[in-house]
Structures are given as C-alpha cells and as structure tokens.
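Residue-level listing of the chains:
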Amino acid sequence: MSDKDYLKDISEIKNLMNKSSRFISLSGLSGILAGIYALIGAAIAYWLVISYSGGKLYIFHGWVFWTSMFVLFMIALLSALTGIILTTRKAKKNGEKIWDNSSRRLLFNFLIPLVAGGLYTLIILDQGRYGQTGALMLIFYGLALVNASKYSIGDIKYLGFAEIVLGLFAAYYPGYGFWLWVVGFGLLHIIYGTWMHFKYDTK
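Residues numbered from 1 in each chain as written. Predicted model: local features only at pLDDT ≥ 70, side-chain atom pairs only at ≥ 80, totals over all residues. Heavy atoms only, no water.

Q: Could you give an account of the packing of aromatic side chains, with specific residues and numbers?
A: This model, assessed by the stated rule, comprises nine aromatic pairs. Centre to centre, the rings of Tyr 172 and Tyr 173 are 4.8 Å apart; their planes meet at 85°, and the pair counts as edge-to-face. Taken together, Phe 110, Tyr 141, Trp 181 and Phe 185 form an aromatic cluster joined through their ring pairs. (Phe/Tyr/Trp six-rings, centres within 6.5 Å; stacked < 30°, edge-to-face > 60°.)

This is how it looks when you write it as structure tokens:
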C-alpha cells in the first residue's frame, strides 16, 4: 500500500471519528435568518420605545418594556424553530441522525449556560435593573456557543467569543446596550451564517 493510500485511510478514519463525536449538520442559513429576525425584532422594539417613551430610547417601563421582552422571546422561539427545521433537513440530506449522542451532548452543553443566563436575567429584570439586560443576553449566549462548540463545528466558538466581547462592552457602556445587542444578535449572525453557508453548506 502506497503512502497516498495510507494518508487516505487516515483521513477517512479521522472523518469518521469526527462525525461520531460532533454534530456537524448545523445550517448556516439558519444563522442568517436568525440575524434577520433579530434585526426585525430590534426595529419593532425601537419603534415601541421611541413612540411611547417620549422619544428617549433607553426609557423602558410598563407595557412598553414587557412588549419588547415578548418580541425578543418570539425572536428566540422563531430562530430556534428555524434552526431545528433547517438543521434536520441538512442532516437528512447528509444521511446523518438528527438525534444521537453527539446532538444530545451539543444541546445539553448549549442549554446549561443559556438557561442559567436566562434565569439570572429574569432576576435582574425583577429587580428593575434593566440596563444590564442586553449585556447579560450577549455574554451568556456567547458562553453557551463556546461551551457547545466542543460537540459541533468548532467555528461557532468564534461567534461565541465575539458575543462575549460585545456583552462586556455593553456592560461597561450600558447606554449602548441596545445597539450592541443589534450587532451581536443581528449583524454577527448574518455574517457568521453567510460564512458557514459558503464554507460547509455549498460543498
């Protein structure tokens, strides 16, 4: 057997091991759509606050605040459903299982920081400290991505790092929290999703 054959066999073994330990059917298109949903939701929230809070962007109170929170929740739900549908379709196309040990580990490690961050954010909101909401969302979402990257396409950790950095800036400059949220959940998702689509989905 030639050296070329050995290298080919090693490459195939490596690919099999990678598929068995990582869930690699994540869809780049779902990232793009999640970013678009976030931009639409941010535009709705912006309009609500500007229209009903005296033209001051950072006055969140009463029904305006909770309506904005509902919009954000619907964005998250729609993004999750879109991701599930597109990822399932991609997995079937690639002949891969959508629910196995790899996908379970991915989901478990993604949800630990995300659920903890969500509960902590609710506690902060209950205490009336609205200014840190955007920062907390970005930081815990970034941590969830980094934590899950061990069981999926490793590239998602870079998106996670970027989200964490934006979250720290939002914590230090709470007056810019809304716009940093828009960048993190909107623009970065579109950029990342486009990159992943052309890197993995178009092969």
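Q: Summarise the nonpolar core; cite the residues concerned and give the values.
A: Grouped together as the largest cluster of nonpolar side chains are 25 residues, with contacts concentrated most on Ile 75, Leu 138, Trp 181 and Phe 185. When residues of this core are traced back to their parent elements, those giving at least two are helix 2 (28-52), helix 3 (62-93), helix 5 (133-148), helix 6 (156-172) and helix 7 (177-201). Per-element accounting of this core gives the leading share, seven residues, to helix 7. Once residues lying within four places of it in the same chain are set aside, the contact partners of Ile 75 are Tyr 37, Ala 38, Gly 41, Ala 42 and Trp 181. (Core = buried A, V, L, I, M, F, W, Y, C linked by side-chain atoms within 4.5 Å. Buried < 20%, exposed > 50% of the residue type's maximum accessible area, 1.4 Å probe, protein only. Helix = DSSP H or I, 4+ residues; strand = E, 2+ residues; numbered from the N terminus. Contact = heavy atoms within 4.5 Å.)

Q: How would you summarise the side chain of Glu 163 if you had to cite specific residues and measurements?
A: Mapped onto the elements, Glu 163 comes out in helix 6. Lacking a salt bridge, the buried Glu 163 has Lys 157 as its closest oppositely charged neighbour, with an N-O distance of 16 Å. Other than its neighbours up to four places away in sequence, Glu 163 contacts Leu 138, Ile 139, Tyr 141, Gly 142, Leu 145, Gly 184, Phe 185 and Leu 188. (Lys, Arg positive; Asp, Glu negative; His and termini not counted. Salt bridge = Lys/Arg side-chain N within 4 Å of Asp/Glu carboxyl O.)

Q: An account of the confidence of the model for the protein chain is requested, with residue identities and associated values reported.
A: Keep in mind that low pLDDT regions are not for reading the predicted coordinates in detail. For the protein chain, the average pLDDT comes to 79, and 79% of its residues sit at 70 or higher. Within the protein chain, helix 6 carries the highest mean pLDDT (94), whereas helix 1 (residues 3-21) carries the lowest (46). Below a pLDDT of 50 lies the segment residues 6-21, which in the model reaches 11 contacts outside its immediate sequence neighbourhood of four places, other chains included. (pLDDT = per-residue confidence, 0-100.)

Q: Give me the lowdown on the packing of helix 5 against helix 6, citing residues and values where you can.
A: The N-to-C vectors of helix 5 and helix 6 enclose an angle of 160°; their axes lie 7 Å apart at closest approach. Put simply, helix 5 runs roughly antiparallel to helix 6. For the element pair helix 5 and helix 6, the recorded crossing hand is left-handed. For the pair helix 5 and helix 6, the contacting residues are Ala 135, Leu 138, Ile 139, Tyr 141, Gly 142, Leu 143, Leu 145, Val 146 and Ala 148 in the first and Ile 156, Lys 157, Leu 159, Gly 160, Phe 161, Glu 163, Ile 164, Leu 166, Gly 167, Leu 168, Ala 170 and Ala 171 in the second. Looking at the contact of helix 5 with helix 6 residue by residue, the classes come out as 16 nonpolar, three polar and two charged. (Axes fitted to C-alpha atoms, helices over the stretch in contact; angles between N-to-C directions. Parallel < 35°, antiparallel > 145°, perpendicular 65-115°, else oblique. Left-handed = near helix turned anticlockwise from the far one by under 90°. Nonpolar A, V, L, I, M, F, W, Y, C, P; charged D, E, K, R; others polar.)

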